Amino acid sequence: VVALVAQVATVPSVLVACTLGIVTAWAISRSRLSLSVAFALVGCGTLALIGVDAIQLQSMDSSIANMITQLVNEYANSIGVASVSAVAQIEALRAMLQLYWPSAYLVVALVEFICALLGACASARREGLRVSMPSLVDYDVPVWLVGALVADILGLAAVRVVPQAYTNAVNMVSANLLVALRIAFAVQGFAIIAWLIRTRHVGAFAGACTIVAGLVLEDQFYVMTIVGLVDVWKNFRHLPRGVKTTVQSNADQD
């Protein structure tokens, strides 16, 4: 109603956010919010947001690519600088936006999911519901995500050998999937930091400094992404991955 009256956002985009919040709350209330479900929700939310904007722009005889070009042109006109370096930077910005624009929708869907997650968890605690609350310390990416990373790397490598008509599509899908995978593995790296802070009984100030240092290292050198990827094999937190606790003989255990 606020979106419709105040026109702060388009109604279809708000409906996507509301649907994402309702499904997230339902999954938490049924204790079914696994990482695979969370990734699926964020992915579906991203596709829905892209679809909403694509349909609306198509109704106005436009497209997302044209919208990006218009935004870059307006930015260039607002700067009003005609130097060679400025023109080169604007063209680099144009090329980057034309390649990574789906990642912007991914970030929006991720933020909406996190807001829904925090709201559902707060409501469950307020109502005293006995539901399993997700914790950053227990965050552990599924193994199939490593397979997706390998396939994505192969896709980036195959850009030079695919037909010219499919080069842009393969490059865009591979590049944006790499951004999504980086976020997933980087969160796993920060989960290890949270685990160290909890197990080592690190103080609040030292813990905050550690997290800030992790953010800087991730931004500059992708350190947390690498740590999260290595943790898939090393299992620094000694998580029971794929282990079933049953009564069995020594031979069966071996």
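No experiment lies behind these values; they were computed from the predicted model shown.

**Student:** How would you sum up the overall build of the protein? Please name residues and give values.
**Tutor:** When its secondary structure is counted, the protein shows ten helices and zero strands. Secondary structure elements in the protein, listed N-terminal to C-terminal, are α-α-α-α-α-α-α-α-α-α. Burial analysis of the protein (254 residues in total) assigns 30% to the buried set. Put simply, of all contacts in the protein between residues at least 6 apart along the chain, 74% involve residues at least 24 apart.

**Student:** Run through the nonpolar core, naming residues and quoting values.
**Tutor:** Ranked by internal contacts, the top residues of the largest apolar core, which has 27 residues, are Ile28, Leu33, Ile64, Trp101, Tyr105, Phe113 and Leu117. Listed by contribution, the elements that provide at least two residues to this core are helix 2 (11-29), helix 3 (35-59), helix 4 (64-79) and helix 5 (84-127). Take this core: its biggest share by element is ten residues, from helix 5. Other than its neighbours up to four places away in sequence, Leu117 contacts Thr24, Ile28, Leu33 and Pro134. Val146, Ala148, Ala191 and Val232 belong to the second-largest nonpolar core, a separate cluster that totals eleven residues.

**Student:** Give a description of the pattern of salt bridges that names residues and reports values.
**Tutor:** The tally for this structure, following the rule as stated, stands at six salt bridges. We note a salt bridge from Arg241 to Asp140, for which the minimum N-O separation is 2.8 Å. Highlighted residues: Arg241 in the loop between helix 9 (223-234) and helix 10 (250-253) and Asp140 in the loop between helix 5 and helix 6 (144-157), separated in sequence by 101 residues. Each member of the salt-bridge network shares a partner with another, and the members are Asp140, Asp231, Arg237 and Arg241.

**Student:** I'd love a proper account of helix 6, names of residues and values included.
**Tutor:** Here helix 6 is 14 residues long and its end C-alpha atoms lie 20 Å apart, about the 20 Å a rise of 1.5 Å per residue gives. Inspection of helix 6 places Leu145, Val146, Ala148, Leu149, Asp152 and Gly155 among the buried residues, and these make up the whole buried set. The inward-facing, buried residues of helix 6 contact helix 3, helix 7 (164-199) and helix 9.

**Student:** Tell me what's going on with unusual backbone geometry, and back it up with residues and numbers.
**Tutor:** In this structure, Ser31 takes a positive phi of about 55° despite not being glycine. Among the secondary structure elements, Ser31 is positioned in the loop between helix 2 and helix 3. The exposure class of Ser31 is partly exposed, given its relative accessible area of 43%. The backbone of Tyr222 sits at a positive phi, close to 60°, despite the residue not being glycine.

**Student:** Go over the packing of helix 3 against helix 5 with me, naming the residues and quoting the values.
**Tutor:** In the contact formed by helix 3 and helix 5, the axes pass within 8 Å of each other and the chain directions differ by 125°. Overall, the two elements helix 3 and helix 5 adopt an arrangement that is oblique. Two packed elements cross with a definite hand, and for helix 3 against helix 5 that hand is right-handed. Packed against helix 3, whose contacting residues are Ala38, Leu41, Val42, Gly45, Thr46, Leu49, Ile50 and Asp53, the element helix 5 presents Trp101, Pro102, Tyr105, Leu106, Val108, Ala109, Leu110, Glu112 and Phe113 at the interface. Grouping the constituent residues of the contact of helix 3 with helix 5 by class yields 13 nonpolar, two polar and two charged.

**Student:** How would you explain the packing of helix 5 against helix 7 if you had to name every residue and give the values?
**Tutor:** Relative orientation of the contacting elements helix 5 and helix 7 amounts to 35°, with a least axis distance of 8 Å. Seen from above, helix 5 lies across helix 7 with right-handed handedness. Residues Gln98, Leu99, Tyr100, Trp101, Pro102, Ser103, Leu106 and Leu110 of helix 5 form the contact with helix 7, whose participating residues are Asn171, Met172, Ala175, Asn176, Val179, Ala180 and Ile183. The class makeup of the residues in the contact of helix 5 with helix 7 is eleven nonpolar, four polar and no charged.

**Student:** Tell me about the side chain of Ser103, residues and numbers included.
**Tutor:** Positionally, Ser103 belongs in helix 5. The class for Ser103 is buried, based on a relative accessible area of 9%. Not counting the four nearest positions on each side in its chain, Ser103 is found in contact with Asn176 and Val179.

**Student:** Explain the confidence of the model for the protein to me, and be specific about the residues and the numbers.
**Tutor:** For the protein, per-residue confidence averages 88 on the pLDDT scale, and 93% of positions sit at 70 or higher. Between the elements of the protein, mean pLDDT differs from a low of 47, seen in helix 10, to a high of 95, seen in helix 9. Counting interchain partners and residues more than four positions distant, the pLDDT-below-50 stretch residues 244-250 has one contact.

**Student:** Explain the side chain of Thr225 to me, and be specific about the residues and the numbers.
**Tutor:** Tracing the chain through its elements places Thr225 in helix 9. Judged by its relative accessible area of 14%, Thr225 falls in the buried class. Engagement of the side chain of Thr225 in a polar contact is seen with the side chain of Glu218, the distance being 2.7 Å. Setting aside anything within four residues of it in sequence, one finds Thr225 in contact with Arg182, Phe185, Ala186 and Glu218.

So, how was this worked out
- In this convention, every chain numbers its residues from 1, walking through the sequence in written order.
- Local features in a predicted model are, by the rule used here, given only for residues with pLDDT of at least 70; side-chain atom pairs are given and counted only at 80 or more, and totals for whole chains, interfaces and linings are based on all residues.
- Hydrogens and water molecules were not included; the side-chain quantities draw on all heavy atoms of the structure.
- Counting from the N terminus, the helices are DSSP H or I runs at least four residues long and the strands are E runs at least two residues long.
- Burial status follows relative accessibility: with a 1.4 Å probe on protein chains alone, a residue under 20% of its type maximum counts as buried, one over 50% as exposed, and anything between as partly exposed.
- Between two residues, a contact is recorded if the distance between any of their heavy atoms is within 4.5 Å.
- Each nonpolar core is a collection of buried residues, namely Ala, Val, Leu, Ile, Met, Phe, Trp, Tyr and Cys, held together in the definition by side-chain atoms within 4.5 Å.
- Each salt bridge in this description consists of a side-chain nitrogen of Lys or Arg and a carboxyl oxygen of Asp or Glu lying within 4 Å of one another.
- To estimate the expected span of a helix, subtract one from its residue number and multiply by 1.5 Å.
- Every axis in this analysis is a line fitted to C-alpha atoms, fitted for helices over the stretch in contact. Angles between the N-to-C directions lie between 0 and 180 degrees.
- Roughly parallel means an angle under 35 degrees; roughly antiparallel means over 145; roughly perpendicular covers 65 to 115; every other angle is labelled oblique.
- What makes a crossing left-handed is the near helix being turned counterclockwise from the far one by less than a right angle; a clockwise turn instead makes it right-handed.
- Polar here means any residue outside two lists: the nonpolar Ala, Val, Leu, Ile, Met, Phe, Trp, Tyr, Cys and Pro, and the charged Asp, Glu, Lys and Arg; Gly therefore counts as polar.
- Known as pLDDT, the predictor's per-residue confidence is scaled from 0 to 100.
- Each polar contact in these results corresponds to two N or O atoms within 3.5 Å; when the atoms are within protein, one needs to be able to donate a hydrogen and the other to accept it, and residues that are neighboring in sequence are counted only if both atoms are side-chain atoms.

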